[in-house]
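# Examining the three-dimensional arrangement
Here is what each chain is made of, one letter per residue.
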Amino acid sequence: MAKLIVTNGDSAVERLRAAGIFGHLLPWQDMLHDGPVPPGTILEEVSDVRADFLSDALGLPFDEVRADFAHRDAQIEVHSAYAQVELWFEHDLYDQLQLIQLLDYFAHEEERMGLFLVQASHYLGVMAPDEMRALEAHRAPVTHVQLEIAREAWEAFTAPTPRPLADFLARAHEMRGRGPLPHLLPALARLIAELPAPRSGLSLTEERILRRLADGPAKVAHVYAAVHSMDEAQFLADLPFFLRLDGLAFAHEPLIAGLPFRSSDAGSMRFAPGDDSAAAGSYRAYAAAEIRLTPAGAAALKGGFDHASANAVERSVGGTRVCPGAMWRYDRTRRALVAPN
């Protein structure tokens, strides 16, 4: 019986193969927590925007990135050719955004049988074969409630302001339950914390970077490991973390110093283990650089320097574009959205 299995990336695909879980394996790769994500359910329109952002942010050829998306999207769009479709996703933000994108897609398709969900509370890419087989035994049919929750969450995530996302989180908190998508609420709560804070203008990740450097200079690789470990559900890979360092180091008023170059200026940092290419050399030089806090960074930690305002920060969180004139913020202490002045 033909089966399509969609999961988060190549490592998970390898683990599924090692466990003897057979089907057509499709990695759904996109770091949706970074960069603009337009509203709508048409995969081609979303992929156009995502390819443009990723090629620019990561220094990759646009045609190559767009072709990868087209190949991926084409495989999901022929889902009716399969007797079953299984969605295998983890608990972290990276996976939960991919999951609601797919569930939103299926919510707008004609009703179909054979759609199943495998929800993991651990990282698929490091699981032993017996762990993967145990997960498979707990797969469950996707329900109409799950489709509706995912549709609402995706609509909120891709809205032009973060108000719908904040409202979605508030409603979910009132329910006080883990619900049919048990990992979605904490993942989206982590996402909204990437909006600038009211006084410092720092996202949660940026604040954690600066607090680590307040203890003294450190190599990029060590800072990444320390900040990465602060998330219970770790979602931020090395390259998007490097983008955050770039934003702090190469701002008009830098908050950190010591980076040799922008990560995106080095071109693609993708390389195979043992590779001696220029990409591998650039990656190693960046990861080994020792970085330190600047006076502006120290002031931001004390609430005396507003990074978002002073450095005219521009970034996207889903469908929301944070920029001068539309500087949405999130008070992490009060769990409250702060609208632009």
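The structure we're discussing is the one just above.
Residues numbered from 1 in each chain as written. Predicted model: local features only at pLDDT ≥ 70, side-chain atom pairs only at ≥ 80, totals over all residues. Heavy atoms only, no water.

## As for the sheet that holds strand β11 (residues 320–322)
- With mixed pairing, the three strands of this open sheet are ordered in space as β3-β10-β11. If you trace the sheet from one side to the other, it starts and ends with β3 (35–36) and β11, each paired once.
- Here two bridges tie β3 to strand β10 (residues 315–318), and the two strands are oriented parallel to one another. Paired with glycine 35 across the bridge in β10 is valine 317. (Pairing = 2+ DSSP bridges. Helix = DSSP H or I, 4+ residues; strand = E, 2+ residues; numbered from the N terminus.)

## With respect to the side chain of threonine 7
- Position of threonine 7 relative to the elements: it lies in strand β1 (residues 3–7).
- For threonine 7, the contacting residues outside a window of four places in its chain are Ala12, Val13, Leu16, Leu26, Pro27, Trp28, Trp88, Phe89 and Leu124. (Contact = heavy atoms within 4.5 Å.)

## Observations concerning the layout of surface pockets
- One number sums up the size of the largest pocket: a volume of about 1500 Å³.
- Lining the largest pocket are 42 residues, and of these Asn8, Gly9, Asp10, Gln29 and Tyr94 lie nearest its centre.
- At the level of elements, α1 (10–18), β2 (24–27), α2 (43–58), α3 (62–77), α4 (93–107), α10 (220–228) and α11 (238–249) are the ones that each hand at least two residues to the lining of the largest pocket.
- If one sorts the elements of the lining of the largest pocket by residue count, α3 sits on top with six residues.
- The residue inventory of the lining of the largest pocket, partitioned by class, reads 22 nonpolar, 11 polar and nine charged. (1 Å grid on protein atoms, 1.4 Å probe; cavity = no way out; pocket = protein on both sides within 12 Å on 5 of 7 lines; lining within 4 Å. Points joined across faces, edges and corners; volume = space filled by probe spheres on them. Nonpolar A, V, L, I, M, F, W, Y, C, P; charged D, E, K, R; others polar.)

## What to know about the nonpolar core
- If you look at the biggest cluster of nonpolar residues, it comprises 86 residues, and the most contacted ones within it are Val6, Ile76, Leu87, Leu188, Phe241 and Leu245.
- Per element, the largest residue contribution to this core is eight residues, and it comes from α4.
- Excluding residues within four positions of it along the chain, leucine 87 makes contact with Val6, Leu99, Leu102, Leu103, Phe106, Leu115, Phe116, Leu117 and Val118. (Core = buried A, V, L, I, M, F, W, Y, C linked by side-chain atoms within 4.5 Å. Buried < 20%, exposed > 50% of the residue type's maximum accessible area, 1.4 Å probe, protein only.)

## Looking at the pattern of salt bridges
- The full count for this structure, using the stated rule, is 20 salt bridges.
- Across the pair glutamate 207 and arginine 211 runs a salt bridge, and its minimum N-O distance is 3.0 Å. Within this pair, glutamate 207 and its partner arginine 211 are both found in helix α9 (residues 204–213), separated by four residues, close to a single helical turn.
- Put simply, Asp34, Arg190, Glu194, Arg208, Asp231 and Arg244 are held in one network by salt bridges that share partners. (Salt bridge = Lys/Arg side-chain N within 4 Å of Asp/Glu carboxyl O.)

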